[in-house]
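# What the coordinates show
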Amino acid sequence: MPQITENGQDFDVVKYFLQLLDEDKDLSSGIAAIRTLLMILEKKQFGTIHILHTTMREAVAAMRNTDLSIAAIVSAGELFCRFITLSLDDKHMEECRQIMLNRGKIFLTKLLNSRQVIAQQAQRFITDGCRILTHSRSRVVLKALITASQNKKSFHVYVTQGGTGNSGEEMVKDLHAAGIDCTLILDSATGYVMESVDFVLVGAEAVVESGGIINRIGTYTMGLCAREMKKPFYVLAESFKFSRLYPLNQRDLPNEYKYSRKHLNDVSKVHPLVDYTPPVYITLLFTDLGRLTPSAVSDELIKLYM
Amino acid sequence: MVLTSEQVPQTLKSKHKKQRQRNRPRNKRNRLEDSHSTTQETSAIDATSAMPGNAVDPLATEKTRDQIMAEREAKKLAKQAKKQKTAPTPTAATPAVLTTPSAPATKIITEVEQTTITTKLTTTTTTKVQDAVASKTTQPAAVNGKDAEAGEKTREQIKAEREAKKAAKKAGKGGGAKVEGIAQQLADLKVAEKAPVAASAAPSTTEADQEKKKPALSKAERRAIQEAQRAAKAQVQTKKAQHAAKAPPSAAPKGPNRKSVSPTTAATSSSPVKCPASTPNVDCRVKLFNHLVCAKEDSQFINDPLVHPSIARLGVQYAKRTVVGSNARCIAFLHALRQVVHDFETPAKKEFGRSLDAAVKHHVDHLHKCRPLAVSVSNAYKQFKNQLTQLPADVPETESKELLVHFIDTYIENQIGKAAQAISGFLQEKITDGDVLLTFACSSLIQFICEEAKRRQVAFRVIVVDSRPGCEGQELLRRLHATGIPCTYVLINAVGYVMAEATKVLLGAHALLANGYVMARTGTAQVALVANAHNVPVLVCCETHKFSERFQTDAIVYNELSDPNQLVRGDKCQLSNWAAKGKLLPLNLSYDITPPELVSAVVTEVAILPCTSVPVILRIKPDIGY
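Taking an unreviewed UniProt entry as the reference, chain B is identified by name as Translation initiation factor eIF2B subunit delta belonging to Drosophila melanogaster. UniProt annotates chain B under Sequence similarities (unreviewed entry) with the comment "Belongs to the eIF-2B alpha/beta/delta subunits family."

Looking up chain A in an unreviewed UniProt entry gives the name Translation initiation factor eIF2B subunit alpha, with the organism given as Drosophila melanogaster. Turning to chain A, the UniProt annotation filed under Subcellular location (unreviewed entry) states: "Cytoplasm, Cytosol". Within the UniProt record for chain A, the comment given under Sequence similarities (unreviewed entry) is "Belongs to the eIF-2B alpha/beta/delta subunits family."

Below is the structure:
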């Protein structure tokens, strides 16, 4: 019976997580992770906070075994646990559970609105007639561009293919559907196109403590090129993607972030999925906490975790 | 005695004659008044039965007044009119006469007692009494002369009176009274004899005063004027006295003036002494760094009796650079402070906390004279003072000392010991097999981190970059080599060559400023600059107790000058005997400033941070309890 229960729990967690993502293609893996944790909080019984934390960690570990972005899952899970346990004091366990459920729902609602908030933040920078370069596909960037189009603005978007997966093509389809003029370019054409664009707009899988970002492979190259060509480099990211991580260079990034699970045993033959862009190449970060400079990210993280 | 009683009215009469001849009728009234006074005395002496007699006497006085008025009316001359004007005044005189006898009586009694006492005393007192008697005898002689004159006048007045009968009746009554008085006096002792004399004298004086005042309004005015003049003169004299008094204070300031002159002469004399002193200062200072404190190699530390021996020893160690490094200086300071707290004795009538605070401040000032305080030492001192102010006042002294000693031990353990462990923990994740760590000079924290990595079986090596004149890197090299870590040693001029091999640069720090700049040993900025040029990450290891609230963007605003003679190396060096060469000014700076753009991360016990997050840590550090 215990084994069956454990297996059922693991299966249920992963199954529910994947089911959420299948039902809504527009859902972020981080938000899906938070929803899964909220469901666990609803359905499971906990005797102590320690058991709660242990269960949450096991759930996050289970979700990390999927092929989805680990950075978002890890940071979202950690922030969720931090948020729901902030105001707990000497109370009965059931009361604590109710409090945590309420706070969890508040947290989720806030996160669901964060994309809209970020889109509004970016409107001032997207002007009529401007030309924008973006990398691969990002839901936040897509939301921002669609909002600008709805505000009767006319602009042109260059989208890179994004290497494996061809996410750029999906981005182009979505932009066309929204009536936005766009062009699909090769990744190697970034340097050529850079002098024609006004600014770069990218999403992020994770924002690290140094103020840099972890994003799809190729973002670092784009950042280097933008800096050399004196183009602004803007990052759109939700606050749940803030991670307590301080990479010094590409090599310093953990392997589990860079490679999928099935290739972790031998990474010499596989190219990485993400890269690290240092804060020196980033102009501004648009978040639901406001428009931040890279150096302010550390300040926000200190407030969140201390 | 009879003569004496007769003489008194005569004297009064003579006075009246001298003043004005027209007062003769008043003289008669005066006689009647005297008789009345004598009758009063007799009545007092006898018994209450005599009181009705007193009642009769006023009636007699009234009759006499009526008679006098009748006489004046009979004359009906202008002179009589003037006399009538003066008539109402006698009525006022009578009550004065009535009142005066009582006071003189009491005085007489006291005098008698004094005389008796004097007689009882030794022969000398008897001689004094004899003198008094002689003076009394002289007075009666004068009185006798006056009495003769008075007798003549009275006879003339009696003759002048037309109504012989009334005058005879009045004279008879007056004579009877006098006779009675004389008899009583004879019967009584000396006391009775003295009493009437004084009683008669007092009324006479009062009467004379009144008479003088009444007619002589002009005289009164004259007296007032004279008194005013006298007062004016007195004022003038007092002013002169004030001027005389002012003279000494005028002399007093002259003294200080002279004294002030002597200091100027002393200053002028000292100026030649200052001239040779100033020349060495000019020699050992570069103009751009004139504002920095110059370390005097030959300066002797004054043996201050108030300074604790452990602090005195620490001061010498600071000055001679025996104890170097922020952490080492801070730990040494706290250990010495611990000894001071342990040995401190509260002065009488003073509070433990405040007196200890003053003593510790004195010690810190002494250390600052030996060598400017490090940021870590200043922060530790602030924390100690904060703890001192929070001591409960009602706790005994020994318990307060234990609390302070415990605080010092906790501070050393938490801010330095555990901070090093936390920083090492963060950095172990960054140090991997095949890493080449480059470090500059000597840092206890870097040593701790390398030893920890060695213990974790990580295969790495260390490049120690060093620079003159201190060559502190040799000490780090010795320690790391003793641990078994592969090392490479180069001077800072070769840093460009070895930077290509380095994968990480680890630097210690003296202080981390509030604007993110790193204050560290001279040469650190250069190493960071070369590392940045080679895109090698620069990690600054700094505990939070070294964070400073100061803003500084260059190494000129604040720095520390070391001994310029350290730059001289051997006798063949061209710098030898540099003081003799007028234009040569060696400069030996202790610290430089590294901009935050050259630093990848600052590793603290709180977290790995960018340089720009120092203000956040400074702001929240009290809240998170570090």
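All names here are of chain B. Among the secondary structure elements, E451 is positioned in helix α16 (residues 444-455). Taking the C-alpha atoms as reference, E451 lies 9.1 Å from G484; in sequence the two are 33 residues apart. Leave out the neighbours within four places in its chain, and E451 touches T483 and I485.

It is worth spelling out the confidence of the model for chain A at this point. Residues and elements named next belong to chain A. Per-residue pLDDT for chain A has a mean of 81; in total, 90% of the residues score no lower than 70. No element of chain A has a lower mean pLDDT than helix α1 (residues 2-23), at 60, and none a higher one than strand β7 (residues 233-236), at 93. Counting contacts from residues 1-11, a segment whose pLDDT is below 50, to residues more than four positions away or on other chains yields three contacts.

All names here are of chain B. Read across the sheet, three strands follow the order β5-β6-β8 without closing on themselves; strand pairing throughout is antiparallel. In this open sheet, the two edge strands, each paired with only one partner strand, are β5 (511-512) and β8 (591-594). Pairing of β5 with strand β6 (residues 518-521), which is carried by two bridges, proceeds in the antiparallel orientation. Of the residues in β6, the one forming a bridge with A511 is M519. Across the sheet, helix α19 (residues 524-533) is in contact with β6 and β8; its angle to β8 comes to roughly 30 degrees.

This brings us to the interface of chain A and chain B. At the junction of the two partners, chain A supplies 14 residues and chain B supplies 22 residues. Buried surface at the junction of chain A and chain B, both sides included, amounts to about 1,300 Å², of which 62% is carbon and sulfur. Linking chain A with chain B are one salt bridge. Note that D252 of chain A is salt-bridged to K430 of chain B, the shortest N-O span being 2.9 Å. Linking chain A with chain B are five residue pairs in polar contact (both at pLDDT 80 or more). A breakdown of the residues in the side of chain A that touches chain B according to their chemical character gives five nonpolar, three polar and six charged.

So, about the side chain of N327 of chain B. Assignment of secondary structure puts N327 of chain B in helix α12 (residues 326-343). Excluding anything up to four places from it in sequence, N327 of chain B contacts I416, S444, E543, H545 and K546 of chain B.

For the coordinates displayed, the defined rule picks out zero disulfides over all chains. C542 of chain B forms no disulfide, and the closest cysteine sulfur to it belongs to C541 of chain B, at a distance of 8.8 Å.

A word on the packing of aromatic side chains. Counting across every chain of the model gives seven aromatic pairs over all chains. On the numbers, 6.0 Å between centres and 65 degrees between planes, the contact of F344 of chain B with F352 of chain B is edge-to-face. Assigned by exposure class, F344 of chain B and F352 of chain B land together as buried. Among the aromatic residues, those joined into a ring-pair cluster are F125, F199, Y234 and F286 of chain A. A cation over a ring is seen here: R329 of chain B above Y318 of chain B, with NZ or CZ 5.3 Å from the ring centre.

Take helix α15 (residues 397-428) of chain B next. Within an α-helix, residues lying three or four positions from one another point in the same direction, as the helix has 3.6 residues per turn. Between its first and last C-alpha atoms α15 of chain B spans 45 Å; for 32 residues at 1.5 Å apiece the expected length is 46 Å, and the two agree. A bend of about 30 degrees at A419 of chain B is the largest found in α15 of chain B.

Moving on: the pattern of salt bridges. Scanning the model with the defined rule gives 17 salt bridges over all chains in all. The salt bridge involving D409 of chain B is made with R338 of chain B; its shortest N-O contact spans 2.9 Å. Of the two residues, D409 of chain B sits in helix α15 while R338 of chain B sits in helix α12, which places them 71 residues apart along the sequence. For D409 of chain B, a relative accessible area of 31% puts it in the partly exposed group. Within the structure, one salt-bridge network assembled from shared partners comprises R115, E238 and K241 of chain A.

Residue and element names in this part refer to chain B. Interaxial distance between helix α11 (residues 309-319) and helix α13 (residues 352-370) falls to 8 Å at its minimum, and their mutual angle equals 20 degrees. Classified by the angle between their axes, α11 and α13 sit roughly parallel to one another. You can see that α11 and α13 cross each other, and the crossing is right-handed. Contact residues: α11 offers I311, A312, L314, G315, Y318 and A319, while α13 offers H363, H366, L367 and C370. Its residues placed into classes, the contact of α11 with α13 shows seven nonpolar, three polar and no charged.

Before going further, it helps to examine the pairing of strand β1 (residues 436-440) of chain B. For a regular strand, side-chain orientation follows a simple rule: the groups alternate between the two sheet faces. Residue and element names in this part refer to chain B. Across the five residues that make up β1, a large majority, five, are buried. Residues V436, L438 and F440 point to one face of β1 and L437 and T439 to the other, with burial holding for every one of them. One ladder, built from five bridges, connects β1 with strand β2 (residues 461-466); its direction is parallel. Directly across from F440, in β2, lies its bridge partner V465. Following the backbone out of β1, through α16 and into the adjacent parallel β2, one traces a crossover that is right-handed. Two strands pair when backbone bridges link them, and β1 and strand β4 (residues 504-507) are joined in this way by three bridges, in the parallel orientation.

This part is about the sheet that holds strand β2 (residues 156-160) of chain A. Residue and element names in this part refer to chain A. Read from one edge of the open sheet, seven strands run β3-β2-β1-β4-β7-β9-β10, paired in mixed fashion. On the outer flanks of this sheet lie β3 (181-185) and β10 (290-292), each paired with one strand and no other. Sheet twist, expressed as the average angle between the axes of neighbouring strands with direction ignored, equals 25 degrees. In terms of strand pairing, strand β4 (residues 199-202) meets β7 through three bridges, oriented parallel. Following the sheet pairing, V200 is matched in β7 by F233.

Reading guide: rules and limits
Residues numbered from 1 in each chain as written. Chains lettered and ligands numbered in written order. Predicted model: local features only at pLDDT ≥ 70, side-chain atom pairs only at ≥ 80, totals over all residues. Heavy atoms only, no water. UniProt positions renumbered as here; feature names shortened; annotations may be inferred. Helix = DSSP H or I, 4+ residues; strand = E, 2+ residues; numbered from the N terminus. Contact = heavy atoms within 4.5 Å. pLDDT = per-residue confidence, 0-100. Pairing = 2+ DSSP bridges. Axes fitted to C-alpha atoms, helices over the stretch in contact; angles between N-to-C directions. Buried area = accessible area lost by both parts, 1.4 Å probe. Salt bridge = Lys/Arg side-chain N within 4 Å of Asp/Glu carboxyl O. Polar contact = N/O pair within 3.5 Å; in protein donor to acceptor, adjacent residues only side chain to side chain. Nonpolar A, V, L, I, M, F, W, Y, C, P; charged D, E, K, R; others polar. Disulfide = S-S within 2.5 Å. Phe/Tyr/Trp six-rings, centres within 6.5 Å; stacked < 30°, edge-to-face > 60°. Buried < 20%, exposed > 50% of the residue type's maximum accessible area, 1.4 Å probe, protein only. Lys NZ or Arg CZ within 6 Å of the ring centre and 35° of its normal. Expected span 1.5 Å × (residues − 1). Bend = angle between axes of the 7 residues up to and from the residue. Parallel < 35°, antiparallel > 145°, perpendicular 65-115°, else oblique. Left-handed = near helix turned anticlockwise from the far one by under 90°. Right-handed = clockwise from strand over helix to strand, strands pointing away.

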